[in-house]
Amino acid sequence: MDNRLPTEFDVVVIGTGLPESILAAACSRSGQRVLHLDSRSYYGGNWASFSFSGLLSWLKEYQQNSDIGEESTAAWQDMIHETEEGITLRKKDETIQHTEVFCYASQDMDGNIEETDDLQKNPSWVASSTLIKPLDSACLSEEMHSLYVSSNEVPAKGTPENNGEVTDIAETLVKEEYCGYKTYKHRVSDGAKDEIKPILEDNSDPPKRNRITYSQIVEEGRRFNIDLVSKLLYSQGLLIDLLIKSNVSRYAEFKNVTRILAFREGKVEQVPCSRADVFNSKELTMVEKRMLMKFLTFCLDYEQHPDEYQAFTQCSFSEYLKTKKLTPSLQHFVLHSIAMMSESSCTTIEGLKATKNFLQCLGKFGNTPFLFPLYGQGEIPQCFCRMCAVFGGIYCLRHKVQCLVVDKESGRCKAIIDHLGQRINAKYFIVEDSYLSEETCSNVQYEQISRAVLITDQSILKTDSDQQISILIVPPVEPGACAVRVTELCSSTMTCMKDTCLVHLTCSSSKTAREDLESVVKKLFTPYAETEIDKEELAKPRLLWALYFNMRDSSGVSRSSYNGLPSNVYVCTGPDCGLGNEHAVKQAETLFKEIFPSEEFCPPPPNPEDVFFDGDDKQPEPLGANTIIIAQLESSEGSKNLESSEKHLQN
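Figured I'd write up the structure that's included with this text. None of these values were measured; they are calculated from a predicted model.

Quick word on the environment of L330
Phase 1: Structurally, L330 can be placed in helix 9 (residues 328–338).
Phase 2: Classification of L330 by relative accessible area gives buried; the value is 0%.
Phase 3: Spatially, the C-alpha atoms of L330 and E288 are 7.4 Å apart, while their sequence positions differ by 42 residues.
Phase 4: In this structure L330 touches L284, E288, M291 and L292, once residues within four positions along its chain are discounted.

Concerning the packing of aromatic side chains
Phase 1: Counting across every chain of the model gives 18 aromatic pairs.
Phase 2: Ring centres of W58 and F549 lie 5.6 Å apart, and the angle between their planes is 70°; on these two criteria the pair is classed as edge-to-face. Placement of W58 in helix 2 (residues 52–63) and of F549 in strand 25 (residues 542–553) is noted, with a sequence separation of 491 residues between them.
Phase 3: A ring pair is formed by F358 and F370, whose centres lie 6.2 Å apart and whose planes are at 75°; its orientation type is edge-to-face. Residue F358 is located in helix 10 (residues 348–361), and its partner F370 is located in strand 14 (residues 370–373); the two are separated by 12 residues in the primary sequence. The pair formed by F358 and F370 is uniform in burial state, with each residue classed as buried.
Phase 4: Put simply, the rings of Y42, F50, W58, Y62 and F549 pair up and form one aromatic cluster.
Phase 5: K324 extends its terminal NZ or CZ atom over the ring of F298, reaching a point 5.1 Å from the ring centre.
Phase 6: Sitting above the plane of the Y446 ring, R552 keeps its charged end 4.1 Å from the centroid.

Observations concerning the packing of helix 5 (residues 238–246) against helix 11 (residues 379–390)
Two packed helices can be described by the angle between their axes and the distance between those axes.
Phase 1: Put simply, helix 5 and helix 11 touch, their axes get as near as 12 Å, and they point 30° apart. For the element pair helix 5 / helix 11, the angle class is roughly parallel. Seen along the crossing, helix 5 lies across helix 11 with a hand that is left-handed. Together, L239, L242, L243 and S246 of helix 5 and I380, F384 and M387 of helix 11 make up the contact between the two elements.
Phase 2: Among the residues forming the contact of helix 5 with helix 11, the class breakdown is 6 nonpolar, 1 polar and no charged.

Notes on the sheet that holds strand 4 (residues 84–88)
Phase 1: Reading across from one edge, 4-16-17-18 is the order of the 4 strands in this open sheet, with antiparallel pairing throughout. Looking along the sheet, the strands with just one partner apiece sit at the ends: strand 4 and strand 18 (423–425). Ignoring which end each strand starts from, the neighbouring axes of this sheet average 30° apart.
Phase 2: Across 5 bridges, strand 4 lies against strand 16 (residues 401–407) in antiparallel orientation. Along strand 16, the bridge assignment pairs E85 with V406.

Concerning the side chain of S230
Phase 1: As for its placement among the helices and strands, S230 is situated in the loop between strand 9 (226–227) and strand 10 (233–234).
Phase 2: Take S230: its relative accessible area is 7%, and that puts it in the buried class.
Phase 3: A distance of 3.3 Å separates polar atoms of two side chains, one belonging to S230 and the other to T487.
Phase 4: Those residues in contact with S230 that sit more than four places away from it in its chain are R451, R485, T487, H504, T506, G578 and L579.

Describing the sheet that holds strand 11 (residues 254–256)
Phase 1: Pairing is antiparallel in the open sheet, where 3 strands are placed in the order 10-14-11. Both edges of this open sheet fall to strand 10 and strand 11, since each of them pairs with a single strand only.
Phase 2: The pairing of strand 10 with strand 14 spans 2 bridges and is antiparallel. Paired with Y234 across the strands is F370, a residue of strand 14.

Thresholds, definitions, all that
Residues numbered from 1 in each chain as written. Predicted model: local features only at pLDDT ≥ 70, side-chain atom pairs only at ≥ 80, totals over all residues. Heavy atoms only, no water. Helix = DSSP H or I, 4+ residues; strand = E, 2+ residues; numbered from the N terminus. Buried < 20%, exposed > 50% of the residue type's maximum accessible area, 1.4 Å probe, protein only. Contact = heavy atoms within 4.5 Å. Phe/Tyr/Trp six-rings, centres within 6.5 Å; stacked < 30°, edge-to-face > 60°. Lys NZ or Arg CZ within 6 Å of the ring centre and 35° of its normal. Axes fitted to C-alpha atoms, helices over the stretch in contact; angles between N-to-C directions. Parallel < 35°, antiparallel > 145°, perpendicular 65-115°, else oblique. Left-handed = near helix turned anticlockwise from the far one by under 90°. Nonpolar A, V, L, I, M, F, W, Y, C, P; charged D, E, K, R; others polar. Pairing = 2+ DSSP bridges. Polar contact = N/O pair within 3.5 Å; in protein donor to acceptor, adjacent residues only side chain to side chain.

Written out as structure tokens, the structure is:
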């Protein structure tokens with residue numbers, strides 16, 4: 001198979017994260033010839049989602065990153081002319097650090113797995129956990145192979161059902177040893193796949209929870225996706241507006257976040273958001289309900305009443321709330337669950353603005369301001385990649401770029417040289433930050449994000465329905481520390497197996513992820529144990545599996561911090577620590593306007609009547625401003641009208 005690409009493009013995009021994918025789609029939509037490359041085997045970069053076995057493969061890549069020798073690549077130095085110079089790109093991704101995996105679930109099933117002797121007998125956090133080295137697993141999904149996508153090919157949707165192969169984890173019995181502990185994986189025969197169900201305990205005794213084993217998680221892992229980043233979409237946020245405007249929303253489905261929770265005095269409770277919630281709440285007195293409604297009504301148009309807050313602009317939002325005669329519980333709800341700010345870092349103006357934004361997003365698609373994409377956040381970059389491909393963009397994964405070729409006289413980048421030694425010319429180059437070399441980033445000061453991904457056996461706040469999507473802010477214990485954002489997802493989001501929950505924890509890093517987040521994990525969960533534990537611990541969800549890692553946050557880095565970047569090379573940053581995707585969308589739009597100031601950013605799709613195809617017998621009328629020529633575009637794509645967003649945003 002010939003892996004060589006065309007050599008002339010208008011825009012080359014390196015990296016398939018969210019801002020790069022939005023930019024690629026916008027450039028392709030405006031008629032530019034786009035080449036979109038990624039050295040990884042999957043879409044999304046640090047915005048990606050994986051099946052469970054795919055996540056273990058991803059972990060292994062980072063664990064072995066420092067051990068992998070340099071791959072043989074074609075020498076690029078001989079392809080640089082005397083009037084040119086090369087800027088090398090980084091060969092290894094170093095944005096993930098301090099990965100730690102713990103398995104608390106029972107390892108045995110059907111006698112095919114040997115259960116460890118000590119692990120399930122001691123419920124302590126140290127003894128009951130098994131630190132698992134990521135195992136050798138097969139490549140990710142079929143779409144996570146090198147692709148060459150032209151205008152009549154689009155990236156396959158990254159749902160777990162697309163995984164055609166069985167990973168090594170499910171194929172072989174693997175024995176791993178770490179610090180004296182033994183971890184076993186086993187193969188489940190194909191005939192038994194659909195027969196595996198959670199084993200229910202005898203109902204004659206007091207109700208007991210379903211027994212979830214690690215083997216079940218591995219077996220069912222191909223049916224769900226796990227995100228690397230924990231994000232939600234504001235129902236009136238920039239990303240939702242862009243999805244609707246560009247009609248990219250047709251490639252994805254969403255569910256409402258059903259609950260906003262609060263952690264106060266050691267307990268988790270639901271926060272009333274809407275007017276109906278406030279007046280139906282049994283946690284608030286009638287006086288508190290009136291006080292809360294009065295304050296929230298003020299926040300909706302606080303700009304019209306500057307006298308109410310001008311004297312407190314230099315104060316923190318928490319200090320301002322104390323002056324509004326709100327009870328301590330109401331202050332806690334507003335600060336941590338509505339404004340979702342920390343006590344020390346949030347000013348009065350920031351708090352009022354965040355509260356207003358929260359309230360404005362209520363009621364558009366549900367009872368909370370947030371939406372979550374089915375199969376995870378990693379679907380969103382792929383949706384924009386599809387749009388880019390529909391309008392002629394070319395995609396190639398597992399395609400490494402060795403260097404940028406810069407003209408010495410003009411100082412502009414002229415081309416890239418890939419790992420095959422092919423020189424590809426373009427006018428503009430968009431590069432994800434993680435690809436830039438240490439020399440280019442020598443003056444950059446990065447922040448870090450602490451992340452934890454947990455699989456638990458029940459929700460942190462049980463209700464009649466087990467299909468709840470919740471967000472919780474856990475305030476810091478020590479002054480000056482960061483609050484921890486907790487997002488809990490149910491199985492209907494296609495992010496975890498039935499009878500389990502997937503929990504994401506996120507905060508700004510001060511130490512390693514485990515050191516930053518383990519105290520919160522202990523407050524909310526108890527490790528899985530076969531032995532009896534006290535009633536207080538029994539009431540908590542049981543922790544089945546946990547992953548901790550630190551992720552680089554480059555969102556605050558300015559262009560001037562990079563050394564020697566040509567003027568036509570633009571840098572996109574990775575995920576930030578915020579809840580929404582506003583930073584990525586703003587960055588993509590800003591860079592697009594810098595590159596093509598006269599073009600509209602991701603305009604609505606063309607009217608199907610204005611689209612004609614090469615080879616049509618009928619002579620087309622003169623081209624209008626909205627007429628698009630699309631060669632070899634499938635009629636099913638060209639005939640779709642702009643559908644209302646509500647059709648795709650499920651309740």
